[in-house]
Amino acid sequence: MAFIEYLRTRITHKGIRIVFPEGEDPRVLWAAVEHQKEGLVHPIVIGFKNEIEATAKRENIDISGLEIVEVGQFEHNDELVEKFVERRKGKIDETRARAQLHDPNYLGTMMVYAGYADGMVSGAVHTTGQTILPALQIIKTKKGVNRVSGVFILFRGKECYLMADCAINTEMDAPTLAEVAVTTDEAAKQFGFDPKIAMLSFSTKGSAKSDTVKKVEVATYLVKESHPEIKVDGELQFDAAIDPEVAKKKAPGSDVAGQANVFIFPNLECGNIGYKIAQRLGGFTAIGPILQGLNMPVNDLSRGCTKEETYQLSLITAVQACIAKDEQEK
Ligand SMILES: CC(C)(COP(=O)(O)OP(=O)(O)OC[C@H]1O[C@@H](n2cnc3c(N)ncnc32)[C@H](O)[C@@H]1OP(=O)(O)O)[C@@H](O)C(=O)NCCC(=O)NCCS
Ligand SMILES: CC(=O)OP(=O)(O)O
């Protein structure tokens, strides 16, 4: 089954509400309306009604019946202000909280936090920092997770891979890198993969020596030690990770090299550049960055995303919301 079809089968709860804070953007509006037509996910768009209507008219999108929340007009705004101040415990006062809720990303994030939406997708217009900072401050990390990171799912025909961290952590030491591997393993399993994780480097099994190679080697050790059940190996170059013939030469005996489907990059430069090369030169569809380690599903888009990628990321967000509901019900 194609990956997107598979995702649709994972929407196991009715009426999952996904909020889109960038309702004026044509890609976002198209994705929201696709959900409305399909009926699997209930979209809520944030934005100025007249601008949303103008986009709809220009792009010939039928928005009749679409739920629109105007910034500053949300009927539960006072409750959101109160909950925002309470959550930030002394870091924000009522006046600033009220003003910040005019930022659609803060409004959308607070709607998720307060239970008026089950997940949020933004970032088609805003930078990653603008999109995710409200989630880091308000939704916060899950118990046991120190750093949120961003994973991409890349697919081309039947080929499907995960790559992380492509989005968030500008500085990563060995324990952070190990945590990215562990949370990506969990995400991969949630989306139906049998993860085999390559901890990437410019060196394979000690072929080069440097502090950054050592960092990846230590991170691999930390994952193996803390989670012996995870299939992980490193440090590996990309060719040794993906090509069985190269793996035989560079990493003989490895049960991951040559067959990896999850790639953990040593730093954010590699991660962000790497996924974009696969997308732009390799012809892969890239869905993400999917934020891992947050308490509730909030996901970012690249400003270069297509309308289809926007729709696909919101489908993933809805699957994460279903998983969260299942966990709550346990
Ligand atoms: C994510 C990012 C915006 C965070 O900004 P920052 O200035 O480092 O954030 P701060 O250190 O001021 O922390 C702000 C809050 O977020 C939390 N935080 C920051 N990074 C976090 C992370 N990776 N995981 C969890 N929480 C995090 C902090 O604990 C802090 O919470 P608090 O206010 O409750 O104490 C920043 O790291 C960034 O811009 N990353 C690169 C994003 C990017 O452009 N990627 C490329 C395109 S995808
Ligand atoms: C994920 C990412 O790179 O986002 P943007 O292209 O918006 O910077």
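Residue positions within a chain follow its written sequence, with the count starting from 1. By the order in which they are written, chains take letters starting at A while ligands take numbers starting at 1. The predicted nature of this model means local features are confined to residues of pLDDT at least 70 and side-chain atom pairs, given and counted, to a pLDDT of 80 or more, with totals for whole chains, interfaces and linings taken over all residues. Heavy atoms from the whole structure form the basis of all side-chain values; hydrogens and water molecules are not counted.

The condition is simple: UniProt positions are given in the numbering used here, feature names are shortened, and annotations may be inferred rather than shown by experiment.
For the protein, an unreviewed UniProt entry supplies the name Phosphate acetyltransferase and the organism Aedoeadaptatus acetigenes. What UniProt records for the protein under Pathway (unreviewed entry) is the sentence "Metabolic intermediate biosynthesis; acetyl-CoA biosynthesis; acetyl-CoA from acetate: step 2/2."

1. A look at the site of ligand 1
Stated precisely, the cut-off is as follows: For this description, a residue counts as near a given molecule or strand if any of its non-hydrogen atoms is within 4 Å of it. Two N or O atoms form a polar contact when they lie within 3.5 Å of each other; inside protein one atom must be a possible hydrogen donor and the other a possible acceptor, and for residues adjacent in sequence the pair counts only when both atoms belong to side chains. Computed by Shrake-Rupley with a 1.4 Å probe, the accessible areas treat only the displayed protein chains as cover when residues are assessed. Residue classes follow a fixed rule: Ala, Val, Leu, Ile, Met, Phe, Trp, Tyr, Cys and Pro count as nonpolar, while Asp, Glu, Lys and Arg count as charged, and any other residue, Gly among them, counts as polar.
Close to ligand 1 lie 17 residues; Arg 88, Lys 91, Val 148, Ala 167 and Ile 168 are nearest. Ile 168 is positioned with one of its backbone polar atoms (N or O) 2.9 Å from a nitrogen atom of ligand 1. Between ligand 1 and Asn 169 there is a distance of 3.0 Å, counted from a nitrogen atom to a side-chain nitrogen or oxygen. Here ligand 1 has 940 Å² of accessible area as a free molecule, and 61% of this is covered by the chains. Each residue belonging to the shell around ligand 1 can be placed in one class, and the counts come to six nonpolar, seven polar and four charged.

2. Examining the pairing of strand E1 (residues 16-20)
The side chains of a regular strand alternate between both faces of the sheet. Basically, it comes down to this: Each residue gets one of three labels from its accessible area relative to the maximum for its type: buried under 20%, exposed over 50%, partly exposed in between, using a 1.4 Å probe on protein chains only. Only DSSP runs of H or I with at least four residues qualify as helices, and only runs of E with at least two residues qualify as strands; both kinds are numbered from the N terminus onward. A pair of strands is labelled paired if DSSP reports no fewer than 2 bridges between them. By convention, a crossover is right-handed whenever its connection, traced from the first strand over the helix to the second and viewed with the strands pointing away, goes clockwise.
The buried count for E1 comes to four of five residues, which makes it a mostly enclosed element. Of the pairings in the sheet, the one linking E1 to strand E2 (residues 41-46) comprises five bridges and is parallel in character. Across the sheet, Arg 17 pairs through a bridge with His 42, a residue of E2. Running through helix H2 (residues 26-38), the crossover from E1 to the neighbouring parallel element E2 is right-handed. In the sheet, E1 pairs with strand E4 (residues 119-122) via two bridges, with the strands oriented parallel. The residue bridging Val 19 from the neighbouring strand is Met 120, located in E4.

3. What to know about the site of ligand 2
Taken together, Thr 128, Phe 152, Asn 272, Tyr 275, Lys 276, Pro 289, Ser 302 and Arg 303 make up all the residues around ligand 2. One nitrogen or oxygen atom from the side chain of Asn 272 is found 3.0 Å from an oxygen atom belonging to ligand 2. With respect to ligand 2, the side chain of Arg 303 contributes an N or O atom lying 2.8 Å from an oxygen atom. Calculation on ligand 2 without its partners gives an accessible area of 260 Å², and the protein chains cover 88% of this total. The biggest single contributor to the shell around ligand 2 is helix H12 (residues 268-280), with three residues.

4. Regarding the UniProt feature "domain: Phosphate acetyl/butaryl transferase" (unreviewed entry) in the protein
In this numbering, the UniProt entry assigns the feature "domain: Phosphate acetyl/butaryl transferase" (unreviewed entry) to residues 3-318. Across residues 3-318, the secondary structure splits into 45% helix and 17% strand, with the terminal C-alpha atoms separated by 15 Å.

5. Describing unusual backbone geometry
Residue Glu 235 is reached from Gly 234 by a cis peptide bond, and omega for that bond is -10 degrees. By secondary structure assignment, the location of Glu 235 is in strand E8 (residues 232-236). Geometrically, the link from Gly 288 to Pro 289 is a cis peptide bond, its omega value of 0 degrees lying close to zero. Here Pro 289 lies in strand E10 (residues 285-292). Even without a glycine there, the phi angle at Asn 60 is positive, about 60 degrees.

6. Let's talk about the sheet that holds strand E7 (residues 197-200)
Applied cut-off: Simply put, an axis is a line fit to the C-alpha atoms, just over the touching stretch for a helix, and the angle between two N-to-C directions goes from 0 to 180 degrees. Contacts are residue-level and defined by heavy atoms, with any inter-residue pair within 4.5 Å sufficient.
Taken in spatial order, the six strands make up an open sheet running E8-E7-E9-E6-E5-E10, and their pairing is mixed. Looking along the sheet, the strands with just one partner apiece sit at the ends: E8 and E10. The average angle at which neighbouring strand axes cross in this sheet is 20 degrees, direction not considered. Where strand E6 (residues 159-164) and strand E9 (residues 262-264) come together, three bridges link them in parallel fashion. Across the sheet, residue Ala 164 finds its bridge partner in E9, namely Ile 264. Running at roughly 175 degrees to E8, helix H9 (residues 211-226) makes contact with E7 and E8 of the sheet.

7. Let's talk about the pattern of salt bridges
Definition in use: We define a salt bridge as a side-chain nitrogen of Lys or Arg found within 4 Å of a carboxyl oxygen belonging to Asp or Glu.
Inspection of every chain in the model, using the stated rule, returns 18 salt bridges. Note that Asp 118 and Arg 17 form a salt bridge whose closest N and O atoms lie 3.0 Å from each other. Here Asp 118, found in the loop between helix H6 (104-113) and E4, pairs with Arg 17, found in strand E1; they are 101 residues apart in sequence, far enough to count as distant. For Asp 118, a relative accessible area of 12% gives the class buried. The class for Arg 17 is partly exposed, based on a relative accessible area of 25%. Its salt-bridge partner being Lys 214, residue Glu 217 comes within 3.6 Å of it at the nearest N-O pair. Taken together, the positions of Glu 217 and Lys 214, both in helix H9 and three residues apart, correspond to about one turn of that helix. You can call Glu 217 partly exposed: its relative accessible area is 36%.

8. Considering the packing of aromatic side chains
As a reminder, the rule being used: Two rings belonging to Phe, Tyr or Trp (six-membered ring only in the last case) form a pair when the distance between their centres is within 6.5 Å. Interplanar angles under 30 degrees mark stacking, angles over 60 mark edge-to-face geometry, and anything in between is tilted.
If you walk through the whole model with that rule in mind, you get nine aromatic pairs. An aromatic cluster of three or more residues is present, and its members are Phe 3, Tyr 6, Phe 155 and Phe 193.

9. What to know about the sheet that holds strand E3 (residues 67-69)
Here five strands make up an open sheet; going across it, the order is E3-E2-E1-E4-E11 and the pairing parallel. Lying at the two open borders of the sheet, with one neighbouring strand each, are E3 and strand E11 (298-300). Strand-to-strand twist of the sheet, defined as the mean angle between neighbouring strand axes without regard to direction, takes the value 25 degrees. Contacting E4 and E11, helix H7 (residues 128-139) runs over the sheet at an angle of about 160 degrees to E11.

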